[in-house]
Amino acid sequence: MNADVCVQRTRHPSRSSMALILFRAFLTCPDACVFQMVQDPTQFDVLVMPNLYGDILSDLCAGLIGGLGVTPSGNIGANGVAIFESVHGTAPDIAGMDLANPTALLLSAVMMLRHMGLHDHADKIQTACFDTIRDKKVRLKSLLGGLQYFCSFKSKFQTMKAACL
Amino acid sequence: GKAVCCPRVRVLLVLLLRRSFKKFRAGITTQICASLLCRHAPPARYGGRHTVTLIPGDGIGPELAKHVCELFRFCCVPVDFEVVNVDSTKTSEDDINNAIMAIRRNGVALKGNIETNHNLPPSHKSRNSLLRTTLDLYASVMHSQSLPGVRTHHRNIDIITIRENTEGEYSSLEHESVPGVVECLKIITRTKSLRIADYAFRTAREKGRRRVTAIHKANIMSLGDGLFLECCKEVASGYPEITFNSMIVDNTTMQLVSRPQQFDVMVMPNLYGNVVSNVCAGLVGGPGLVPGANYGENYAVFETGTRNTGKSIANRNTANPTAMLLASCLLLDHLKLHGYASMIRKAILSTITDSQLHTADLGGKGSTSEMVQSIMDAIQSSGPRTQRH
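Rules used throughout
- Residues numbered from 1 in each chain as written.
- Chains lettered and ligands numbered in written order.
- Predicted model: local features only at pLDDT ≥ 70, side-chain atom pairs only at ≥ 80, totals over all residues.
- Heavy atoms only, no water.
- Core = buried A, V, L, I, M, F, W, Y, C linked by side-chain atoms within 4.5 Å.
- Buried < 20%, exposed > 50% of the residue type's maximum accessible area, 1.4 Å probe, protein only.
- Domains from an automatic or database assignment.
- Salt bridge = Lys/Arg side-chain N within 4 Å of Asp/Glu carboxyl O.
- Helix = DSSP H or I, 4+ residues; strand = E, 2+ residues; numbered from the N terminus.
- Disulfide = S-S within 2.5 Å.

## Description of the nonpolar core
Ranked by size, the top nonpolar core spans 65 residues in total, and within it V77, I162, V267, F302, L332, I344 and I379 of chain B carry the most contacts. Residue contributions to this core reach at least three from each of two domains, namely domain 1 (44-116 + 125-141 + 287-383) and domain 2 (153-284) of chain B. I56 of chain A together with I157, V276 and V279 of chain B belong to the second-largest nonpolar core, a separate cluster that totals 33 residues.

In structure tokens, the structure reads:
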């Protein structure tokens, strides 16, 4: 592994002081990365990689946190053009039944708000979302294979709305 | 010129060409059939003792190789090692060619990972890759199994990963056609895909496994991975007792970390095999626990499953010897020395249940030598060491 240390100064709009981000580059093969990821994912923070490795590793990380049903994503292009999306399937078997887990798309929307600079709104929705997930009574069916508790999407949304206010 | 223009001569030429083409095609088919049927050539054996090539490699390889020799001596295993060192700092290929020649001579080898020096020019090929492709070690097999005494998030994992070892993304075919634009060729061939698929299904049948899963990305690489998948389906039709399914590689890694018990035998091209087998190793406790084997038609090379040099922990007596010792048990099984293999394997598995002896990779403070000593003590207490074979 090669370690290069570089310090980058950046300004976070919600903070008055300059934030110091330590950047350390680890040159590592995807194979070495994956078994470390499986054993101790907390050692990783931000990972940058080419297309195929990103495809594989991003799904691996999604599996570690609960599946595609809770994983947000965004596609960022030049000049600030961006598309934010959930990366789970279309789930036609539960379409229109008020059972879909909105977490992935909601958190993708939170990413979108941050991209637009609306950090306060993003923080509020994210906090409400996490608090609602923490509440076992309103946990929806996971896209990975099902959890014990599930109820309607509407009731989850109402709980989140209440948490936002 | 005039002779060729003659119609009779032209007919004769066409007939000759057709016959030679038929022979050529038959020759290729025979070659493929022979290679599919003949898996392991008998290794060298003189006076009841086997000679095995030992390549210590870099990093923790030399110290682990030393422990294997020590353990084999202790157990009176009828194996003599021919040690061949490969200097990874040299650009010359003499060392690796010597190693390849030794393996050709002996038929079988135990190997530590050889460091690939990234400071050398791109023309410098990985020694490990050169060894695998020259000897046509087409199947890399890794058996990831939950071990007693090793705490992991998931239990009851028992996955055999079979990775095509000689083509795919590791064909070392790269070029920079325009400055700043590099093209890398991924090679997938029908011959090698059929070969590895057949190996996977035969292995599943021999070991009484129920399911083979082909891992691919054919939705994006529809020609390359599409061909691989098609070959797997073709081979699957000849094994009706084995369930065959396929899964896209990114979904596979997600399923592995959430529900690994659904997998049985997995077959895949080179790069996916590298990633998936490392995920499996991580799931059962890490690279220090899983042995690996590389099989060709005529040769077999055994090593640790995840092929790490462990440079950062070299010579500190902290490396986990389990993977290398279990690889040496696979070697003994390959030599049909099953008694010795079982004796050593049993001792290793009983030692690993004692968390006091766990090395740092398992969260313990044990040393390599303590673990090996404990294995020898377990063997000593189990009965006579000399086995009939």
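## Quick word on the pattern of salt bridges
Evaluation of the coordinates by the stated rule reveals 18 salt bridges over all chains. Across the pair E241 of chain B and R205 of chain B runs a salt bridge, and its minimum N-O distance is 2.6 Å. Taken together, the positions of E241 of chain B in the loop between α7 (224-236) and β10 (243-248) and R205 of chain B in helix α6 (residues 190-206) put the pair 36 residues apart, joining distant regions of the chain. Here E241 of chain B falls in the partly exposed class, since its relative accessible area comes to 42%. Here R307 of chain B makes a salt bridge to E303 of chain B, at a shortest N to O gap of 3.0 Å. Here E303 of chain B falls in the buried class, since its relative accessible area comes to 3%. Each of the salt bridges in this network shares a partner with another, and the network as a whole consists of D55 of chain A together with K217 and D250 of chain B.

## Some details on the state of the cysteines
Summed over all chains, the structure comprises zero disulfides over all chains. In this model C61 of chain A remains outside any disulfide bridge; the closest cysteine sulfur is found in C33 of chain A, 7.5 Å from its own. Not engaged in a disulfide, the cysteine C280 of chain B finds its nearest cysteine sulfur in C33 of chain A; these two sulfurs lie 16 Å apart.

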